[in-house]
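Listed below, chain by chain, are the residues.
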Amino acid sequence: MVRLGVCILLLLCRTLAMCDKPSTPLGVSMADRHKYLAHNGMFLCFNGDTSIPIAHINDDYCDCPDGSDEPGSAACNVALGFWCTNEGWRPERIFSSRVGDGICDCCDGSDEMKHGTACVNVCHEKAVQEEQERSAHAMKLQRGEAAREDAVKAGQQRTVERHQMLFKNIPQKLAELHYAKDFYRAAKKIQEEQEKNEFRAKQKDILAVYAKEVRIGEVSQKGLLAILAHLALVKNEESAEIFLDLLQELVPGRLEVSEIDVLAAALAEVEQGAPKELVDAQEEASKAWQQAQADPSKVVEGEMEKLEIAYKQAKRNVQQSAREKQKARRHGFLSALQAETLAINNLIDLILWGTVELNQGQTLLDLVKARLSHLSPAVKPMEVVEHKRLEAENIRQRLKNVTDTFEEVRKYINQLQREESEDYGIDGEFYVLQGRCYEKEHAGELFKMCPFGNAYQGKRLIGGWAGFHKQTDWHSKYRMMKFLKGSSEGCSQPREVE
Amino acid sequence: FFFAMVFRLDTTMWCTLLLFLIPICSSRWTSGNIDSRNQEAVVTSYDFGIWSFTLEDKAYRVKDAVVASPLNKFKEMTDGDHKVFEHGSLGNSIAASVLKVQQPGNTNVELHVNHQLGIAVSVNDKAPENAEVGATFTFPGAKGIYGIPERAVDLALKSGHKYRLWNLDVFRYQLEDTKGIYGTIPYLMAHSGSKTVGMLWNNAGDTTVGIDYNDAGIQATWTSLSGSIEIFFFPGPTPMDVLRQMAYLTGKQYFPPLFSMGYHQCRWNYRSEEDTLSVDEGFDTHDIPYDVIWLDIEHTDGKRYFTWDSHNFPNPELMQEKIAAKGRKMVTITDPHIKRAAGYHIFDEATANGYFVKNPQGTADYEGHCWPGTSSWLDFTNPTVRDWYATMFKYDKYKGSTPILYTWIDMNEPSVFNSHEVTMDINAQHHGGVAHKDVHNQYGFYQTMATYAGQMLRSQGPPHDTTTRPFLLSRSFFTGTQRYGAIWTGDNEAKWSHLEKATPMLLTMSLSALSFVGADVGGFFDNPPEELLVRWYQAAAYTPFFRGHAHLETKRREPWLFGEENTRLIRNAIRSRYRVLPYIYTTFYKSSQEGLSVISPLFFHWPADEKLFTLQDQFMLGNAVLVRPIASPRSDNHGNIEVYLPGEPGEKWYDFNDGTPYAAPQSHVIVCDDNKIPVFQRPGTIVPLRERARRSTTAMRNDPFTLQIALDSKGQAAGSLYLDDTHSHKFQNGAFVHRAFHFAGGRLTASEYTVTTQYTTPAAPVTEQFSTNTWFERIRIYGLTSKPNEIYLEHGDDNSFNYGGLQGVDAQSIKERKQLTFEFIDGVLTIRKPVAYLMMDWVITIA
């Protein structure tokens, strides 16, 4: 019994002794070394069904189908990898294909230990370097985080400001502006009425003197009517309206005149001239005559003269027709105005004030000259005084200021609304890029990119902001900026930038 | 079998062509040399029964394509109106008589050649001014005709088709289009089953070849719109003879450095140093081997080649140092168009020295548009320009370049965006007043010549006193380009049909003596379906040049971007390439010495088997490995792939990876999962392998080898393994080891490889030596019928090799007979770890 116990003890000891001093094969981690214990001098491949002599472990020949017998060489293609202990840094598993290939992969050089390549142990340096890189990276991250926080703050602050503007400040301002506008408009009307009266008073004296100088009183009624019609239609309905106003002002009691008829007459299609058939006939005759002139040899004798006459007649017809139309229009105007019933002095007043309002001094002089052959050539066109009332000017300026402010506010609202609909990132962190531009020189060209704005190559527009863009499905939505619809000069497609 | 030719310079034919090409012809008509043309027929002989026929005149004659020296001109005698050419040194070979009536405008030349092949040639030259040249050749008895790359058509040229030979940058080139694409070799090989002959039409102008199969055989009608008549004839008699004769005449494949046979990772474009290094890192993270990372045009400063974009590539040397630390290389692109920009050193120097091609008037530099905008083109036809260009690659000249930087030359047809047919004005003037139309097809060839010279030049002198073997990739090529670089099939598409067509395209280039060829994995344009990408990697792993590339506008497609399973499949495909690299390297070496191609059509190896004459979905890698790419989706093929295995009845082929035997000669349906394409080892061959996964060729340099043996029906096999320092020219001085392996009578013998053929380049005196401790870790034998009793190794004790090279090996103790362990499972014998040394003779006996 004792002897048996000793035997067992001895056996145990032998087994333990083996456990005490296991030779960990090269390339095996401490955690895996128990897998390389021998059983009766044999090693069982990890696959569980191949047994090989223990001497074949790490003998630089691949025996196990799963490669487990060569943890320390590159003999197996399917090995689990090589375990670098890497004291001073941290252990690492590398591919078996790296073992003994002449390149130091483990920082302790253990992968090349048995293969003649001298590797320097760089684990300590690697640890130091990694720590440096880690802290540099951490700092970089920190800086990035801080920058992002600032950007988010700026973006959020801007959103608050924008909402304050859009929903409070601007509506208030608009109400003020509307009030001011109405007020200045009313004031302007009053002031301009006064201004006009003052002007009339000044101009009236000049008018009286000039009426004598130009001897308008000597023009017949028919002549005066013709002058009136000419002036009243010089600017079509605009001038006709002025005359209607003057009529109300200068000849009270003429309310029976139909404004609509007057304006309709003023709008008659005088500019279109002669009817189409007459114009076509003239064209045709002209062509025939020109052709005949170009090649007289083909024309029968006497035919040439006939063609010329026919052309001239057609031309006369056209001119005649235009004259008649103009005449009819003036006639229509005068009759709508019931001008023939006006007293001569009223006619003269209308003509003179109309000339002032329409600033047609030269036209009037020409029209009178055409009717009074004895008029002195020294007579000049009527002088029109300048009169601006200071208060009226002031009010006009203020009204303009208000209108300009309106325009500015409208632009500002547009800008705010654009911002409101723009995508500045999840937390508005990209707002800080709004209004900034970035330049880069590349291959001799200056590129300029303004997020939320445009992109340029030199002076050429190569794209307008088209939002952020995720390059691929696994990238952030804000990976890239896109600028589309740039200049297509020299290209078949408009330029685009990403 | 014999061939006969009829030259017909027949006026009606010219008129047909003139209708289309009036400007070209009329300019020649006005050149004033018409009546003074005085043709002299010259017949010249070369080694191996090659001979040439030339009509000497003042038209442009192609230079630099042919490198072999003539033996001598045929002896010329006059016999009345006949000229008689006799050649005595070749015994019964060639005697010719020429009838030549020298009347300007009405020259009749008949050439009767009495030759053992029975060649009869008659020349009937009636072209009014001989501005253009043409001839018709008949190959009586021929059943297949091959050659005239480059276009995306079938291997066997088709009857009734007219093929145009004019190098063009064709946007999205169409399959089956008979017009040419980027490169040209005006060479044909006609094959009857028992006899093969070949011819080279040495003309670089706009050329058409009409093919016509008729009762008499196959007729080929050549016409060229410029240049002169210079024809070389290769007597064969086998396809391999014709190819080796062509390689002898125009130069054998240069021997590329090992890294360039690894996997290349390219994309238009890796955008920055960070991007480039992260792709490099990606291969390591996913344990996928690769050797070279490529930078396309965007890496430059505004498409100024030989410069760097300072923003994205601020520190190119440091980037290359990081790549070099893992034993890898880098390639940058240097296209032939030069941006017209003052201050750009290439432009300034070329302008100052007049190194650009000139406009048709010769008054100013020719200008056109390409990637950089307005550009001019370097005149590589001028030897002075080539010498100058070579200096641009010197490290002090090409800022940011380091010794691991190699070169890609693209757009060298040349591609001119704003010009007719997207190429140079045919009347642009080259050196010596030569019109572009005369040298067009050689433009890219001359750039490869200058670039090769640049890489040679930069590695001379300290601190790089070992001349490194160049590596360059060119898109355009001509006869002789094999002397300088690799060629790829250009801008293909991510379609199954383009994967399918890659095989005949690569075979056509290979049989035209251009061996270092490949098609871009995945297809350049568009995004490949994942299954296509995987199948493409699996096929391209066995082609001479192996590169993944993609268009700027495609999705990223680095091998690990398509999920774990596809990453695994692609990893396996690329590793399968690295596994066979010892065999590929040996095959390249043999190609460089003997003139055979690295891959070849099956009829090269079984010339009499008519089933092979049009077979183009299988190819041989070297003489031992048969590959059948899968170019259709699983939804079509259901994993059942038909393969035809030729050979003698009673022989068996073996699945390359698991040793399953397949009987010859017959078709088999091979069941292929996603990880497998049919690859077989030929009976009677021994293939050297390196079976350890590594990250690059450099990382494999000390790994042990495996020999994989496929026995023939007599229980025999043979093969060889070549090794050197993988990158220098020292092998030319004897610094290499080339071992022969023979298996017969149960004995595997390793000895020095001494086989030479009449075509083998004579060895230079040995002045340098190479040594290595590399050993064999495994012998795998397919085809044994029973388990051996014992196996033992005996190292020899002769001193024919360098024991001194075996560091730390006890030469005496290893000579003792050593029992080897082995296993025999499913007919495959694996001998465990013999530790037989590559540098030593040894015998393994299987008893």
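Residues numbered from 1 in each chain as written. Chains lettered and ligands numbered in written order. Predicted model: local features only at pLDDT ≥ 70, side-chain atom pairs only at ≥ 80, totals over all residues. Heavy atoms only, no water.

A short note on the overall build of chain A
Phase 1 of the analysis: When you go through chain A residue by residue, the secondary structure sums to 10 helices and 9 strands.
Phase 2 of the analysis: Relative to a compact globule of 498 residues, whose C-alpha radius of gyration would be 23 Å, chain A shows 52 Å and is clearly more extended.
Phase 3 of the analysis: Along the longest, intermediate and shortest principal axes, the C-alpha atoms of chain A span 165 × 80 × 40 Å.
Phase 4 of the analysis: Split into buried and exposed, the 498 residues of chain A put 34% on the buried side.
Phase 5 of the analysis: Of the contacts formed within chain A by residues at least 6 apart in sequence, a portion of 53% connects residues at least 24 apart.
Phase 6 of the analysis: Roughly 31,200 Å² of accessible area belongs to chain A as shown, and the carbon and sulfur atoms make up 54% of that amount.
Phase 7 of the analysis: If you average the places of the 66 positive and of the 77 negative side-chain charges in chain A, the two averages end up 6 Å apart. (Helix = DSSP H or I, 4+ residues; strand = E, 2+ residues; numbered from the N terminus. Rg over C-alpha atoms; globule rule 2.2 N^0.38 Å. Buried < 20%, exposed > 50% of the residue type's maximum accessible area, 1.4 Å probe, protein only. Contact = heavy atoms within 4.5 Å. Areas by Shrake-Rupley, 256 points an atom, 1.4 Å probe, with all protein chains shown as cover. Lys, Arg positive; Asp, Glu negative; His and termini not counted. Charge placed at Lys NZ, Arg CZ, Asp CG, Glu CD.)

A short note on the UniProt feature "coiled-coil region" (unreviewed entry) in chain A
All names here are of chain A.
Phase 1 of the analysis: The UniProt feature table records "coiled-coil region" (unreviewed entry) at residues 297-331 and 385-419.
Phase 2 of the analysis: With 83% helix and 0% strand, residues 297-331 has its two end C-alpha atoms placed 50 Å apart.
Phase 3 of the analysis: With 86% helix and 0% strand, residues 385-419 has end C-alpha atoms that lie 52 Å from one another. (UniProt positions renumbered as here; feature names shortened; annotations may be inferred.)

Observations regarding helix H9 (residues 443-458) of chain B
Phase 1 of the analysis: Across its 16 residues, H9 of chain B extends 23 Å between first and last C-alpha, which sits within 8% of the 22 Å expected from 1.5 Å per residue.
Phase 2 of the analysis: Across the 16 residues that make up H9 of chain B, a large majority, 13, are buried. (Expected span 1.5 Å × (residues − 1).)

Things to note about the interface of chain B and chain A
Phase 1 of the analysis: Taken together, the contact between chain B and chain A spans 25 residues of the former and 22 residues of the latter.
Phase 2 of the analysis: Counting each side, the surface lost to burial between chain B and chain A is near 1,900 Å², with a carbon and sulfur contribution of 40%.
Phase 3 of the analysis: With its nearest N and O atoms 3.9 Å apart, the salt bridge here joins Asp59 of chain A to Lys833 of chain B.
Phase 4 of the analysis: Linking chain B with chain A are 14 residue pairs in polar contact (both at pLDDT 80 or more).
Phase 5 of the analysis: For the side of chain B that touches chain A, the secondary-structure elements that each account for two or more residues are helix H4 (273-285), strand E44 (775-782) and strand E47 (828-837) of chain B.
Phase 6 of the analysis: No other element matches E47 of chain B, which puts 4 residues into the side of chain B that touches chain A.
Phase 7 of the analysis: Of the residues in the side of chain B that touches chain A, the class split is 5 nonpolar, 5 polar and 15 charged. (Buried area = accessible area lost by both parts, 1.4 Å probe. Salt bridge = Lys/Arg side-chain N within 4 Å of Asp/Glu carboxyl O. Polar contact = N/O pair within 3.5 Å; in protein donor to acceptor, adjacent residues only side chain to side chain. Nonpolar A, V, L, I, M, F, W, Y, C, P; charged D, E, K, R; others polar.)

As for the sheet that holds strand E36 (residues 661-663) of chain B
Across a sheet, strands are paired by hydrogen bonds formed along the backbone, either parallel or antiparallel in direction.
Phase 1 of the analysis: Read from one edge of the open sheet, 6 strands run E31-E32-E33-E38-E35-E36 (chain B), paired in antiparallel fashion. Here the strands that pair on one side only, and so sit at the sheet edges, are strand E31 (599-600) and E36 of chain B. (Pairing = 2+ DSSP bridges.)

Section: the packing of aromatic side chains
Phase 1 of the analysis: Counted according to the given criterion, the structure contains 77 aromatic pairs over all chains.
Phase 2 of the analysis: Between Tyr424 of chain A and Tyr431 of chain A, the aromatic rings sit 5.2 Å apart at their centres with planes inclined by 75°, giving edge-to-face as the arrangement.
Phase 3 of the analysis: Overall, Tyr424 of chain A belongs to the buried group, its relative accessible area being 6%.
Phase 4 of the analysis: The exposure class of Tyr431 of chain A is buried, given its relative accessible area of 16%.
Phase 5 of the analysis: On the basis of an interplanar angle of 35° and a centroid distance of 5.3 Å, the ring pair of Tyr722 of chain B and Phe736 of chain B is categorised as tilted. Here Tyr722 of chain B, found in strand E41 (residues 717-724), pairs with Phe736 of chain B, found in strand E42 (residues 736-744); they are 14 residues apart in sequence, far enough to count as distant.
Phase 6 of the analysis: Residue class for Tyr722 of chain B comes out buried when judged on its relative accessible area of 0%. (Phe/Tyr/Trp six-rings, centres within 6.5 Å; stacked < 30°, edge-to-face > 60°.)

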